[in-house]
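Working through the structure, step by step
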Amino acid sequence: SSAIKKSILDKLMVEVEANLGTAMTYTLFEYAKDNKEVFMENQPVNTVTSVSNNISIGTSDVPPSKKKEKKEQLSKTQKRKLADKTDNKGELPRGWNWVDVIK
């Protein structure tokens, strides 16, 4: 619900203010993971069960359609250029995008 989202954002903003000026992405994710029970304690359980019931009813009546995703086809020239740029593992060499400062 929107009230739960608002309370989670408020708690995360307090954590952001405490870590201002540092690299905090990992810290925020760890804080949210450690406190997920506190964040979700007021979450209504009834809405989650009704959604799962609708999904199970919908999937039992209709068989899933199988669609294969088409892979991008490269020409021989494109494959050759790609192979020339990369090493034997398919990775670009170290420093391929470095800027030459001194010329």
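Residues numbered from 1 in each chain as written. Predicted model: local features only at pLDDT ≥ 70, side-chain atom pairs only at ≥ 80, totals over all residues. Heavy atoms only, no water.

As recorded in an unreviewed UniProt entry, the protein chain goes by RWDD4 protein and comes from Brachypodius melanocephalos.

1. Considering the overall build of the protein chain
Put simply, the rule is: Working definition: helices are DSSP H or I runs of at least four residues, strands are E runs of at least two. Numbering for both runs from the N terminus. Remark: exposure states derive from per-residue accessible area (1.4 Å probe, protein chains only) relative to the maximum for the residue type, with buried under 20%, exposed over 50%, and partly exposed in between.
Of the regular secondary structure elements, the protein chain holds five helices and zero strands. Starting at the N terminus and walking to the C terminus, you meet the elements of the protein chain as α-α-α-α-α. By the burial criterion, 9% of the 103 residues in the protein chain qualify as buried.

2. Brief notes about the side chain of Asn 19
Put simply, the test is: The contact definition used throughout considers only heavy atoms, calling two residues in contact when any of these lie within 4.5 Å.
Within the fold, Asn 19 resides in the loop between α1 (2-18) and α2 (25-34). Not counting residues within four places of it along the chain, the set of residues in contact with Asn 19 comprises Met 24 and Thr 27.

3. Quick notes on the pattern of salt bridges
Filter applied, for reference: A carboxyl oxygen of Asp or Glu within 4 Å of a side-chain nitrogen of Lys or Arg is what we treat as a salt bridge.
Summed over the entire model, instances satisfying the criterion amount to two salt bridges. Across the pair Glu 30 and Lys 33 runs a salt bridge whose closest N-O atoms are separated by 3.4 Å. Of this pair, Glu 30 and Lys 33 are both found in helix α2, three residues apart, which corresponds to roughly one turn of the helix.

4. Description of the confidence of the model for the protein chain
Our working rule: The predictor attaches a confidence to each residue, called pLDDT, with possible values from 0 through 100.
On average, residues of the protein chain score 75 in pLDDT, and 78% of them are at 70 or above. Here helix α4 (residues 46-61) stands out as the element of the protein chain with the lowest mean pLDDT, 51, in contrast to α2, whose mean of 87 is the highest.

5. A short note on the environment of Gln 78
To keep it simple, the criterion reads: Polar contacts here mean pairs of N or O atoms no more than 3.5 Å apart (in protein, one a potential hydrogen donor and the other a potential acceptor; neighbouring residues in sequence count only if both atoms are side-chain atoms).
Examined against the element boundaries, Gln 78 turns out to sit in helix α5 (residues 76-85). Among the polar contacts made by the side chain of Gln 78, one reaches the main-chain amide nitrogen of Ser 75 at a distance of 2.9 Å.

6. With respect to the environment of Trp 96
Looking at the element boundaries, Trp 96 is found in the segment after α5. The spatial distance from the C-alpha of Trp 96 to the C-alpha of Thr 86 is 9.7 Å, given a sequence separation of ten residues.

7. Quick notes on the side chain of Glu 15
Selection criterion: In summary, the charge assignment counts Lys and Arg as positive and Asp and Glu as negative, without counting His or the chain termini.
Along the polypeptide, Glu 15 turns up in helix α1. Among buried charged residues, Glu 15 stands out as having no salt bridge; its nearest opposite-charge side chain is Lys 11, 11 Å away. Excluding its chain neighbours within four sequence positions, the residues that come into contact with Glu 15 are Leu 28 and Tyr 31.

8. Overview of the environment of Lys 5
Structurally, Lys 5 can be placed in helix α1. Separated by 38 residues in the primary sequence, Lys 5 and Gln 43 place their C-alpha atoms 9.8 Å from one another.

9. Focus on α1
What counts is decided by this rule: Multiply 1.5 Å by the residue count of a helix minus one, and that product is the helix's expected span. By construction, the arc corresponds to the directions joining the helix axis to the C-beta atoms.
With 17 residues, α1 should cover 24 Å at 1.5 Å per step; its first-to-last C-alpha distance of 24 Å lies within 8% of that length. Of the residues making up α1, those classed as buried are Ile 4, Ile 8, Leu 12, Glu 15 and Val 16. When α1 is viewed along its axis, its buried side chains cluster within an angular range of 115° and face the same direction. For α1, the exposed residues set more than 90 degrees away from the buried face come down to Ser 2, Ala 3, Lys 6, Val 14 and Glu 17. Taken together, the buried residues of α1 touch α2 and α3 (36-39).

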